[in-house]
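# Summary of structural features
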Amino acid sequence: MYFDTVHNFYERHVINEITENYKTCGLDDEQLADMACIALNQIPPRYIRHDIDMSFYMSPIEHEEMEVRVKVAVKKAFNRIKASDH
């Protein structure tokens, strides 16, 4: 189907940030999935068909801003999940 390739550009970046930096933080898989949802809801979506299209047109400054935006959103999501866990 034509729409199978449509996705939010930030999904992969948020999931990578979580799996690379939070996989062993003491949260279970359900909490990590919730964390991804919380983080993604903090970032305005950028719907695209192919990641390379977005990356190709981003300047180095925009790429850095995107990385910071993802890291901040994931950290806030982690703090929210940890706070609700207590």
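Just so you know, the residues in each chain are numbered from 1, in the order the chain's sequence is written. Only residues with pLDDT of at least 70 are given local features in this predicted model, and only at 80 or more are side-chain atom pairs given and counted; all residues enter the totals for whole chains, interfaces and linings. Side-chain descriptors were evaluated using all non-hydrogen atoms of the structure, hydrogens and water having been removed beforehand.

### Structural notes on the layout of surface pockets
Here a cavity is any set of points on a 1 Å grid over the protein atoms alone where a 1.4 Å probe fits but cannot get out, and a pocket is any open set with protein on both sides within 12 Å along at least 5 of 7 lines; a residue lines the site when it has an atom within 4 Å of a point. Grid points are joined across faces, edges and corners, and a volume is the space filled by probe spheres set on the points. There is about 160 Å³ of room inside the largest pocket. Arg-12, His-13, Asn-16, Glu-17, Glu-20, His-63, Met-66, Glu-67, Val-70 and Lys-71 are the residues that line the largest pocket. Labels follow the DSSP assignment, with helices taken as runs of H or I lasting at least four residues and strands as runs of E lasting at least two, numbered in each case from the N terminus. Elements that contribute at least two residues to the lining of the largest pocket include exactly α1 (9-21) and α4 (60-85). In this count, Pro and Cys sit with the nonpolar residues alongside Ala, Val, Leu, Ile, Met, Phe, Trp and Tyr, while Asp, Glu, Lys and Arg are called charged and the others, Gly among them, polar. A class-by-class count of the residues in the lining of the largest pocket yields two nonpolar, three polar and five charged.

### A closer look at the nonpolar core
What is meant by a nonpolar core is a set of buried Ala, Val, Leu, Ile, Met, Phe, Trp, Tyr and Cys residues, joined one to another through side-chain atoms within 4.5 Å. Relative accessible area decides the class of each residue, using a 1.4 Å probe on protein chains only: under 20% of the type maximum gives buried, over 50% gives exposed, and in between gives partly exposed. Formed by 23 residues in total, the largest nonpolar core has its most connected members in Val-14, Ile-18, Met-35 and Val-74. Elements represented by at least two residues in this core include exactly α1, α2 (29-42) and α4. For this core, the element with the most residues is α4, which contributes seven residues.

### Brief notes about the pattern of salt bridges
Within this document, salt bridges are pairs made up of a side-chain nitrogen of Lys or Arg and a carboxyl oxygen of Asp or Glu, the two lying within 4 Å of each other. This model, assessed by the stated rule, comprises two salt bridges. Of the charged contacts, one joins Asp-29 and Lys-23 as a salt bridge, the two residues approaching to 3.3 Å between their closest N and O atoms. Lys-23 gets classed as partly exposed once you look at its relative accessible area, which sits at 46%.

### Digging into α2
Each turn of an α-helix holds 3.6 residues, which means side chains three or four residues apart point in the same direction. Helices are assigned an expected span. That span is 1.5 Å times one less than the residue count. In a regular helix each residue adds 1.5 Å, so 14 residues correspond to 20 Å; α2 covers 20 Å between its end C-alpha atoms and thus fits that length. Regarding α2, the residues found buried are Gln-31, Leu-32, Met-35, Ala-36, Ile-38, Ala-39 and Leu-40. The contact criterion used throughout is that any non-hydrogen atoms of two residues lie within 4.5 Å. Where α2 is buried, its residues meet β1 (7-8), α1 and α4. For this analysis, a polar contact is any N or O atom pair within 3.5 Å, provided that within protein one partner can donate a hydrogen and the other can accept it, and provided that sequence-adjacent residues contribute only side-chain to side-chain pairs. Backbone nitrogen of Glu-30 and a side-chain oxygen of the N-cap are separated by 3.1 Å at the start of α2; the cap is Asp-28.

### Looking at the packing of α1 against α4
At a closest axis distance of 10 Å, the pairing of α1 and α4 adopts a crossing angle of 60°. Looking at the two axes, α1 sits oblique to α4. In the packing of α1 onto α4, the handedness of the crossing is right-handed. Counted together, Phe-9, Tyr-10, His-13, Val-14, Glu-17, Ile-18 and Asn-21 of α1 and Met-66, Arg-69, Val-70, Lys-71 and Val-74 of α4 form the full contact between these two elements. For the contact of α1 with α4, a count of residues per class yields seven nonpolar, two polar and three charged. Axes here mean lines fitted to C-alpha atoms, for a helix over just the part in contact, with angles spanning 0 to 180 degrees between N-to-C directions. Any angle that is under 35 degrees is reported as roughly parallel, and any over 145 degrees as roughly antiparallel; angles of 65 to 115 degrees are reported as roughly perpendicular and all others as oblique. Each crossing gets its handedness from the near helix: less than a right angle anticlockwise from the far helix is left-handed, clockwise is right-handed.

### Re a negative patch on the surface
Like charges within 9 Å and nonpolar side chains (Val, Leu, Ile, Met, Phe, Trp, Tyr) within 5 Å are joined into patches, using only residues over 30% in relative accessible area that form no salt bridge. Throughout, the Shrake-Rupley method with a 1.4 Å probe supplies accessible areas, and for residues the shown protein chains are the sole cover considered. When charges are tallied, Lys and Arg are placed among the positive residues and Asp and Glu among the negative ones, while His and the ends of the chain are skipped. In plain terms, the charge of a residue is placed at NZ if it is Lys, CZ if Arg, CG if Asp and CD if Glu. On the surface, Asp-28, Glu-30, Asp-34 and Asp-85 cluster together into a negatively charged patch. With respect to the element layout, Asp-28 can be found in the loop between α1 and α2.

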